[in-house]
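A look at the structure
Now for the letters of each chain:
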Amino acid sequence: MTSLLIRLSHITFQVSNAQKVIKDLVTKYQFYPFAARGLDGKSPCQVALRNGGVVFMVNQKTFTDSDMLYDSAVTLQSPDTVCNVSFEVEDVPSLSRRLVDEGCQLLVSPTELHDDFGSVTFCVVKSILGNVRHTLFDCTRYRNNFLPEFQTIESGDHIPVGNMSYIDHVTYACPRGTSPHVLRWYERCFGFKHFPLSKAEDPERGFEIRGPQIGLRLMAADSPALGKMVLAESLPQEGNNQVDLFLQHHKQGGIQHVGLFTPDIFKAAESMVQQGARFTNQPPTYYSDPRKQQEIRGLGLEPEMLSRFGILLDSSFTGPEIHNNRYLLQVFAEPLFSKDSFYLELIERQDAEGFGEGNIRALWRALKDFLDSTNQKEEKISSNAV
Ligand SMILES: O=C(O)C(=O)Cc1ccc(O)cc1
Ligand SMILES: [Fe+2]
């Protein structure tokens, strides 16, 4: 079955102000638009943007399925959302039949579209999780740069600079208690395999991170063709947390963030910050901690390079000597639409396949601080207004 799946193709956004989101992706995150439809106003605009090997499609939200190509419309009440992870597959009709036999719902049955450059077959499958869906494409008979009915946008003299290599992982927020079920669905339907985040992890329980003000259950899965996915649920605990806040808008669950692989996170973060992107800050104590400093320096890095952009490091450091050179660098951008919505992550992996518990704890704390400070600002504004 895995031979039917070729690769993750792109991720689709459905938003109320596509122009604004496109502008942010272009100016802050160095994506460039390369194909579009609906720019003449005859259909809702759909724009494909690229940064290196990463492609996003931004769709203006519409409420009639027939206006939207390669996806189906979200509901009228839907928040701005990132809801479709599209896969390239070998044989759309046969895979869609198999998925229907598994009990999956098709939002769009296998359909063929063509233009002067050839034809593409696709279907849209509803995931078992929230508003998530997957468009399955066979593009082997198509020779232009994106999909039929999209016009090429010439980049002219503008030389794209982005250095994102590919989508490293997609992280889904799940309502409490649902992730084992969701994991099994992805195993059955798309051949993902449980990817333990710790030794001897129980796939029913996943990897639990507990501590003061943190309660998170993670389960990851991997597919040789489609990459990694992470399922995140909150554990009952005090106070706000990013998964529960996300679920206030995406009640049944959804795509919470996407990790973009870059070979040089310092270069990527620096150029994005210069263009106005903002990453979550880490408290200075993260970088001044002597053990952390030893860990950073032991890998040939400088604490100042990390602290400038809020980059987090996880390695197998147990001090005082580094045992191997495997490490993970991550940095998390501020939410793209509203304060507790979808965000982008940059990740550089040096021989490290998993996810870093230390980084997740630090991110959780930083986002809590960010949410608390925006809440305080909002409270101030509203009390001033009274
Ligand atoms: O570490 C990562 O990049 C993950 O994707 C894991 C993760 C999942 C959910 C969170 O709210 C925060 C981190
Ligand atoms: Fe992530």
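Just above, that's the structure.
Residues numbered from 1 in each chain as written. Chains lettered and ligands numbered in written order. Predicted model: local features only at pLDDT ≥ 70, side-chain atom pairs only at ≥ 80, totals over all residues. Heavy atoms only, no water.

Before going further, it helps to spend a moment on the site of ligand 1. By nearness alone, 13 residues border ligand 1, and Thr171, Gln242, His257, Gln330 and Glu345 come closest of all. Side-chain polar atom of His169 to an oxygen atom of ligand 1: 3.3 Å apart, as the coordinates give it. One of the side-chain nitrogen or oxygen atoms of Gln256 is found 3.1 Å away from an oxygen atom of ligand 1. Out of a free accessible area of 330 Å², ligand 1 has 100% covered by protein chains. With respect to the pocket detection grid, ligand 1 is positioned in the largest cavity. Among the secondary structure elements, those contributing two or more residues to the shell around ligand 1 are strand S10 (166-173), strand S15 (254-261) and helix H9 (357-385). (Near = heavy atom within 4 Å. Polar contact = N/O pair within 3.5 Å; in protein donor to acceptor, adjacent residues only side chain to side chain. Areas by Shrake-Rupley, 256 points an atom, 1.4 Å probe, with all protein chains shown as cover. 1 Å grid on protein atoms, 1.4 Å probe; cavity = no way out; pocket = protein on both sides within 12 Å on 5 of 7 lines; lining within 4 Å. Sits in = over half its atoms within 2 Å of the grid points. Helix = DSSP H or I, 4+ residues; strand = E, 2+ residues; numbered from the N terminus.)

Gaps left between atoms are located by rolling a probe of water-molecule size over the structure's atoms. By the definition in use, this model includes 3 cavities of 30 Å³ or more. Taken together, 19 residues line the largest cavity, and the ones lying closest to its centre are Thr171, Leu218, His257, Ile360 and Leu363. Taken together, the elements giving at least two residues each to the lining of the largest cavity come down to S10, strand S13 (214-223), strand S14 (227-234), helix H4 (242-249), S15, strand S17 (327-332), strand S18 (343-350) and H9. Taken as a whole, the second largest cavity holds about 80 Å³ of empty space. When contributions to the lining of the second largest cavity are tallied by element, the ones reaching two or more residues are H4 and H9. Here the residues of the lining of the second largest cavity sort into 5 nonpolar, 3 polar and 2 charged. (Points joined across faces, edges and corners; volume = space filled by probe spheres on them. Nonpolar A, V, L, I, M, F, W, Y, C, P; charged D, E, K, R; others polar.)

Think of a sheet as strands paired side by side through backbone hydrogen bonds, with each pair either parallel or antiparallel. The strand order across the open sheet built from 9 strands is S6-S7-S8-S5-S1-S4-S3-S2-S9, with neighbouring strands paired in mixed fashion. A single partner strand is all that each edge strand has here, and the edge strands are strand S6 (106-115) and strand S9 (151-152). Direction of pairing for strand S2 (residues 32-37) relative to S9: antiparallel, over a ladder of 2 bridges. In the sheet register, Ala36 faces S9, and the bridge partner there is Gln151. Each of strand S1 (5-15), S2, strand S3 (46-51) and strand S4 (54-60) touches helix H1 (residues 18-27); the most contacted strand, S4, lies at about 160 degrees to it. (Pairing = 2+ DSSP bridges. Contact = heavy atoms within 4.5 Å. Axes fitted to C-alpha atoms, helices over the stretch in contact; angles between N-to-C directions.)

Because an α-helix packs 3.6 residues into every turn, residues spaced three or four apart end up facing the same way. An ideal rise of 1.5 Å per residue puts 16 Å on 12 residues; helix H3 (residues 179-190) measures up with 16 Å between its terminal C-alpha atoms. Buried residues of H3: Ser179, Pro180, Val182, Leu183, Trp185, Tyr186, Cys189 and Phe190, and no others. The positive-phi residue at the C-terminal boundary of H3 is Gly191, with phi of around 75 degrees. (Expected span 1.5 Å × (residues − 1). Buried < 20%, exposed > 50% of the residue type's maximum accessible area, 1.4 Å probe, protein only.)

With distances of 2.0 to 2.1 Å, the protein atoms coordinating the iron ion (ligand 2) are His169 (NE2), His257 (NE2) and Glu345 (OE). If you list the donors of the iron ion (ligand 2) from N- to C-terminus, the spacing comes out as H-x87-H-x87-E. Of this pair, His169 sits in strand S10 while Glu345 sits in strand S18, and the two are 176 residues apart along the sequence. The pair formed by His169 and Glu345 is uniform in burial state, with each residue classed as buried. (Donors = N, O, S within 2.8 Å, 3.2 Å for Na, K, Ca; no water.)

For the rest of this paragraph, the subject is the nonpolar core. Ranked by size, the top nonpolar core spans 86 residues in total, and within it Ile11, Phe13, Leu25, Phe56, Tyr172 and Phe190 carry the most contacts. The biggest single contributor to this core is H3, with 6 residues. Contacts of Ile11, omitting those with residues within four sequence positions, involve Val55, Phe56, Met57, Val82, Asn84, Val85, Ile167, Val170 and Val258. Residues Tyr32, Phe34, Val108 and Val124 belong to the second largest nonpolar core, which totals 19 residues. (Core = buried A, V, L, I, M, F, W, Y, C linked by side-chain atoms within 4.5 Å.)

Glancing now at the pairing of strand S5 (residues 81-89). Along S5, 9 of the 9 residues are buried, which leaves the element largely enclosed by surrounding structure. Pairing geometry for S1 and S5, over 8 bridges, is antiparallel. When the sheet's bridge partners are listed, Thr12 is paired in S5 with Asn84.

Moving on: the pattern of salt bridges. What the rule picks out here adds up to 21 salt bridges. A salt bridge links Glu88 to Arg7; its shortest N-O distance comes to 2.9 Å. Of this pair, Glu88 sits in strand S5 while Arg7 sits in strand S1, and the two are 81 residues apart along the sequence. Given the relative accessible area of 17%, Glu88 is considered buried. On the basis of relative accessible area, Arg7 is assigned to the partly exposed category, the value being 38%. (Salt bridge = Lys/Arg side-chain N within 4 Å of Asp/Glu carboxyl O.)

A few words on the packing of aromatic side chains. As enumerated under the stated definition, the model contains 21 aromatic pairs in all. Considering the side-chain rings of Phe87 and Phe190, the 5.3 Å spacing of their centres and the 70 degrees angle between planes classify their relative orientation as edge-to-face. Here Phe87 is found in strand S5, whereas its partner Phe190 is found in helix H3, with 103 residues between them in sequence. With centroids separated by 5.0 Å and ring planes inclined at 80 degrees, the aromatic side chains of Phe146 and Phe150 adopt a geometry described as edge-to-face. By relative accessible area, which is 4% here, Phe150 ends up buried. Members of the aromatic cluster, connected to one another through ring pairs, are Phe34, Tyr70, Phe122, Phe137, Phe146 and Phe150. Here Arg50 stacks its cationic end above the ring of Phe34, 5.1 Å away from the centre of that ring. (Phe/Tyr/Trp six-rings, centres within 6.5 Å; stacked < 30°, edge-to-face > 60°. Lys NZ or Arg CZ within 6 Å of the ring centre and 35° of its normal.)

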